[in-house]
Amino acid sequence: MTLALSAGTDSERWIELFDQSREFTAAGAHDVRLVDIDADRAVLEMPIGDHARQPYGLLHGGVSMMLAESAASMHSCWGVDLTEVAPVGVEINGSHLSSAREGTVRAVCTVIKRGETMIRHHVEIIHVDSGRLLSDVRVTNFYKRLRS
């Protein structure tokens, strides 16, 4: 992820580089925006549109999981030397608690536990317009060594 290689721990720089790296990615296709990031959390937002709905007009659960995994995987890069390790997803588990048809969703991703080889995040997918919790997600990333 070239984003984090040059972003360091400057929140404004992360947001700028995230915007630049979105083209030709799932984040770009779904108009995902990085709103805030620091050592403990990342916040992404996405509009609900036809790109994100299932056939019944509701926000697609898989799109919610994509948003959660995007937040956690990106945040796993914070403060990490990506020439030495690469965060790789090893587990995602989520519960869909409510639904939405339109508006904006926000992924609020917070660190549960950061270890030397693994990082675990809790991600809440929230409907911005109503404040409802739509999905509750846990994501685990493994820090894979790139050099032996």
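Look up: the structure comes first, before these words.
Throughout, a residue's number is its position along its own chain's written sequence, starting from 1. Predicted model: local features are reported for residues with pLDDT of at least 70 only, side-chain atom pairs are reported and counted for 80 or more only, and whole-chain, interface and lining totals are derived from all residues. Each side-chain value is worked out from all heavy atoms of the structure, with water and hydrogens disregarded.

### Remarks on a nonpolar patch on the surface
(1) Moving on: By definition, no residue in a patch forms a salt bridge, and every one has over 30% relative accessible area; like charges are joined within 9 Å, nonpolar side chains (Val, Leu, Ile, Met, Phe, Trp, Tyr) within 5 Å. All accessible-area figures derive from a Shrake-Rupley calculation using a 1.4 Å probe, and residue coverage is judged against the displayed protein chains alone. In the sections that follow, a salt bridge refers to a side-chain nitrogen of Lys or Arg positioned within 4 Å of a carboxyl oxygen of Asp or Glu. Taken together, the side chains of Val88, Val90, Met118 and Phe142 make up a nonpolar region of the molecular surface, amounting to roughly 290 Å² of accessible area.
(2) Moving on: In DSSP terms, a helix is any run of H or I states spanning at least four residues, a strand is any run of E spanning at least two, and both are numbered starting from the N terminus. Here Met118 is to be found in strand S5 (residues 118–127).
(3) Moving on: Each residue gets one of three labels from its accessible area relative to the maximum for its type: buried under 20%, exposed over 50%, partly exposed in between, using a 1.4 Å probe on protein chains only. For Met118, a relative accessible area of 34% gives the class partly exposed.

### Quick notes on the pattern of salt bridges
(1) Moving on: Summed over the entire model, instances satisfying the criterion amount to 10 salt bridges.
(2) Moving on: The closest approach of N and O atoms between Glu16 and Arg13, which form a salt bridge, is 2.7 Å. Taken as a pair, Glu16 and Arg13 lie in helix H2 (residues 11–21) at a separation of three residues, close to a single helical turn.
(3) Moving on: Classification of Glu16 as partly exposed rests on a relative accessible area of 37%.
(4) Moving on: For Arg13, a relative accessible area of 29% corresponds to the partly exposed category.
(5) Moving on: Between Glu84 and Arg147 there is a salt bridge, and its shortest N-O distance comes to 3.2 Å.

### Section: the state of the cysteines
(1) Moving on: Throughout, a disulfide means two cysteine sulfur atoms within 2.5 Å of one another. Under the defined criterion, the tally for this structure stands at zero disulfides.
(2) Moving on: Here Cys77 stays free of any disulfide, with the sulfur of Cys109 as its closest cysteine sulfur at 11 Å.

### What about the sheet that holds strand S2 (residues 41–48)?
(1) Moving on: At least two bridges found by DSSP between two strands are what make those strands a pair. Across the sheet, six strands lie side by side as S1-S2-S4-S5-S6-S3; this open sheet has antiparallel pairing. Looking at which strands have only one partner, the edges of the open sheet turn out to be strand S1 (33–37) and strand S3 (85–96). In this sheet, neighbouring strand axes are inclined to one another by 25 degrees on average, regardless of whether the strands run parallel or antiparallel.
(2) Moving on: Two strands pair when backbone bridges link them, and strand S4 (residues 103–114) and S5 are joined in this way by nine bridges, in the antiparallel orientation. When the sheet's bridge partners are listed, Lys113 is paired in S5 with Arg120.
(3) Moving on: Sheet strands in contact with H2 are S1 and S2, and its direction is about 165 degrees off that of S1. With axes taken as lines fitted to C-alpha atoms, and helix axes fitted only over the stretch in contact, angles between N-to-C directions fall between 0 and 180 degrees. For this analysis, residues touch if any pair of their heavy atoms sits within 4.5 Å.

### What about H2?
(1) Moving on: Within H2, burial applies to Trp14, Leu17 and Phe18. Across the axial projection of H2, the buried residues extend over an arc of 105 degrees, all falling on one side. Of the exposed residues in H2, the ones pointing more than 90 degrees away from its buried face are Glu12 and Gln20.
(2) Moving on: Of the residues that open H2, the one with a side-chain oxygen 3.1 Å from the backbone nitrogen of Glu12 is Asp10. Our arc is simply the arc of the directions from the helix axis toward the C-beta atoms. Counting of polar contacts relies on pairs of N or O atoms within 3.5 Å, with two restrictions inside protein: one atom must be capable of donating a hydrogen and the other of accepting it, and residues adjacent in sequence are counted only when both atoms are side-chain atoms.

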